[in-house]
Amino acid sequence: MKLYDKVANVLRENIHAGLYVAGDKLPSIRQLVAAHKVSISTVQQAYHQLEMEGLIDARPKSGYFVAFTTPVPVLPVTSRPAQRPIEVSQWQDVLQVLLAKEDVSTVQLQHAMPNMGMPSLNPLLKKMSSLMRHQVALSLPYGNIAGAQVLREQIAKLATNSGCVLHPDDLVITSGCQEALSVCLRSVTLPGDIVAVESPSFYGSMQAIKTANLKAIEIPTNAENGLSLEALELALEQWPIKAILVTPTANNPMGYSMPEPDKKRLYQLAQSYDICIIEDDIYGDISYQSPRPKTIKSFDEDGRVLLCSSFSKTVAPGMRVGWIAPGRYRDKVTHVKYVSSSMCPTLPQLAIADFIQSGGYNRHTRKVRLLYKQGRDHLIKCIKQYFPKDTRISFPQGGYILWVELNKQYDAVKLASQCKEGNVSIAPGTLFSATGKYRHCMRLNFSEKTEVEREQGIRELACYINKQVND
């Protein structure tokens, strides 16, 4: 055990024992240095560890305090989708969301967009600027079809945090995670095949299934542990499923993270039925859990897990830098990627690689994890205050989106339309189902705008909800 772990353990035990309660100020760094006879950096690391766990808060110029914990809200009920393969619809509704005009005065709660105003992104922006000024010629020729070597090296190092042992040659760079998912689906299926997905599920994944002329079978999920493995096994026994597409860590749209034993069991199920898993880990690096949760890929013994991610949700979507660790499907994935978009732009790859190598990426994700966790707690508090009392709310374990389940008398599709007349926007739940289920649900983000603006948006949403009852 490292020294900072020992210091952190003592503080953690004291908090759990009630020696320090919510709001109490903790000993200063110098007091702990003297008491434990360790260095300042050791105490700082111990406090950082507890901060990542959500046990304490750092207040500028004031010190460290025991955090006020947000009680888990009443969670959404376990989903009950159709238990048969179906063709994906909803494209026109998704398109409307994608084409919606951005208004800076509107409280945009509909998009899964990271906070891009963080000062911790400045080193990345400076590197991009430097590359454009001094090495712009690098952007002109074709690059490596698998992606820049230096970026793949850095991603391979990052992957160790999730329990994966990857070589740079195991990776293929893509234009964001959306292309990664699409490439993987087309690499492991044929038109007409069946893909198992979580329900509700990210609408981008659904549309990738639709474009590949596949059918989706939606598997029930709950807001605490995610995909029902029992329901999945029943579906595997009944239908010729060719792939399982999941977002098991900081899920979109519900925010749950599957427990590690469940991830391992999911992999073993795929082994038993000899099918592949496409794992979307795009929010994994901004999980609130410490240490960072393992991926399903970390249990992969025979290359059947295709791990997909990108920097769109952790850094900025406009960078369009994603990646795949395709395992045994590497040759097919490389071919489909080439046919899809050939090579990816070089400069964003080099900038991201430098951002990771210099330590900027780790510093940035540390800061935004804390910001997003605070945003989650604030948004839940607002929803509890202003929405109907029987509203159910997910409790995300990472990322910056949550799922709201209203009483079935409400219509979130109409609500989204009404909101266009006001100052707030939402993503109705129908977008996250192959057949338009979850009409009484919505997905909201808590990454953009200030707490004051978000609260104003929630108040306005509550007014529209009340109006539906009165109408």
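Let me sum up the structure you'll find in this document. (Residues numbered from 1 in each chain as written. Predicted model: local features only at pLDDT ≥ 70, side-chain atom pairs only at ≥ 80, totals over all residues. Heavy atoms only, no water.)

1. Some points on the overall build of the protein
On a plain count of helices and strands, the protein comes out with 15 helices and 16 strands. Buried positions account for 55% of the 471 residues belonging to the protein. The positive charge centre, built from 53 side chains, and the negative charge centre, built from 44, are 4 Å apart in the protein. (Helix = DSSP H or I, 4+ residues; strand = E, 2+ residues; numbered from the N terminus. Buried < 20%, exposed > 50% of the residue type's maximum accessible area, 1.4 Å probe, protein only. Lys, Arg positive; Asp, Glu negative; His and termini not counted. Charge placed at Lys NZ, Arg CZ, Asp CG, Glu CD.)

2. Observations regarding the sheet that holds strand E15 (residues 427-428)
Strands sit in the order E12-E13-E16-E15 across an open sheet of four strands; the sheet is antiparallel. In this open sheet, the two edge strands, each paired with only one partner strand, are strand E12 (392-393) and E15. As paired strands, strand E13 (residues 401-405) and strand E16 (residues 441-445) are joined by five bridges and run antiparallel to one another. Each bridged residue has a counterpart across the sheet, and for leucine 402 the counterpart in E16 is leucine 444. Running at roughly 15° to E13, helix H13 (residues 360-386) makes contact with E12, E13 and E16 of the sheet. (Pairing = 2+ DSSP bridges. Contact = heavy atoms within 4.5 Å. Axes fitted to C-alpha atoms, helices over the stretch in contact; angles between N-to-C directions.)

3. Some details on the pairing of strand E11 (residues 322-325)
Note on strand geometry: in a regular strand, side chains alternate between the two faces of the sheet. Residues Gly322 and Ile324 point to one face of E11 and Trp323 and Ala325 to the other, with burial holding for every one of them. The sheet contact formed by strand E4 (residues 172-174) and E11 spans three bridges and is antiparallel. Each bridged residue has a counterpart across the sheet, and for isoleucine 173 the counterpart in E11 is tryptophan 323.

4. Quick look at the pattern of salt bridges
Tallied over the entire structure, the rule returns 14 salt bridges. Across the salt bridge formed by arginine 304 and aspartate 302, the nearest N and O atoms sit 3.0 Å from each other. Since its relative accessible area comes to 4%, arginine 304 is described here as buried. One salt-bridge network, in which partners are shared between bridges, spans Asp274, Asp302, Arg304 and Arg328. (Salt bridge = Lys/Arg side-chain N within 4 Å of Asp/Glu carboxyl O.)

5. Concerning the pairing of E13
With five of five residues buried, E13 is to be regarded as a mostly interior element. Sheet topology places E12 next to E13; two bridges connect them, and they run antiparallel. Across the sheet, residue isoleucine 393 finds its bridge partner in E13, namely valine 404.

6. Here we look at the packing of helix H1 (residues 3-16) against helix H3 (residues 40-52)
Orientation of H1 relative to H3, taken along the N-to-C sense of each, is 55°, at an axis distance of 8 Å. One way to sum up the angle between H1 and H3 is to call them oblique. Seen from above, H1 lies across H3 with right-handed handedness. Between H1, through Leu3, Tyr4, Val7, Ala8, Leu11 and Arg12, and H3, the contact on the second element is made entirely by Thr42, Gln45, Ala46, Tyr47, Gln49 and Leu50. (Parallel < 35°, antiparallel > 145°, perpendicular 65-115°, else oblique. Left-handed = near helix turned anticlockwise from the far one by under 90°.)

7. Here's the deal with the environment of valine 188
If you trace the backbone, valine 188 turns up in helix H7 (residues 176-188). Here the alpha-carbon distance between valine 188 and alanine 243, two residues 55 residues apart in the chain, equals 7.5 Å.

8. Some remarks on the sheet that holds strand E7 (residues 226-227)
Through backbone hydrogen bonds, the strands of a sheet pair up, either in parallel or in antiparallel fashion. Here eight strands make up an open sheet; going across it, the order is E4-E11-E10-E9-E8-E5-E6-E7 and the pairing mixed. In this open sheet, the two edge strands, each paired with only one partner strand, are E4 and E7. Each of strand E5 (194-199), strand E6 (215-222), E7 and strand E8 (241-246) is contacted by helix H9 (residues 229-238), which is oriented at about 155° to E6, the strand it contacts most.

9. Overview of the environment of glutamine 44
In this structure, glutamine 44 sits in helix H3. Given a relative accessible area of 38%, glutamine 44 falls into the partly exposed group. When the C-alpha atoms of glutamine 44 and asparagine 251 are compared, they prove to be 31 Å apart, with 207 residues separating the residues in sequence.

10. As for the packing of aromatic side chains
Evaluation of the coordinates by the stated rule reveals nine aromatic pairs. On the numbers, 5.3 Å between centres and 40° between planes, the contact of phenylalanine 202 with tyrosine 203 is tilted. Of the two residues examined, phenylalanine 202 and tyrosine 203, each falls in the buried class. Ring centres of tryptophan 403 and phenylalanine 432 lie 5.5 Å apart, and the angle between their planes is 90°; this geometry places the pair in the edge-to-face category. Note that tryptophan 403 is positioned in strand E13 and phenylalanine 432 in the loop between E15 and E16, a separation of 29 residues in sequence. Side by side, tryptophan 403 and phenylalanine 432 carry an identical accessibility label, which is buried. Ring-pair connections join several aromatic residues into one group, and the members of that group are Phe202, Tyr203, Trp403, Phe432 and Tyr438. Directly above the ring of tyrosine 438 sits lysine 437, whose terminal nitrogen or CZ lies 5.7 Å from the centroid. (Phe/Tyr/Trp six-rings, centres within 6.5 Å; stacked < 30°, edge-to-face > 60°. Lys NZ or Arg CZ within 6 Å of the ring centre and 35° of its normal.)

11. Concerning the nonpolar core
Ranked by internal contacts, the top residues of the largest apolar core, which has 66 residues, are Phe387, Leu444 and Leu461. Here this core takes seven residues from H7, the largest share from any one element. Apart from the residues lying within four places of it in its own chain, the contact partners of phenylalanine 387 are Cys382, Val404, Leu406, Met442, Ile458, Leu461, Ala462 and Ile465. Counting 29 residues, the second largest nonpolar core, distinct from the first, contains Ala148, Ala159, Cys164 and Val315. (Core = buried A, V, L, I, M, F, W, Y, C linked by side-chain atoms within 4.5 Å.)

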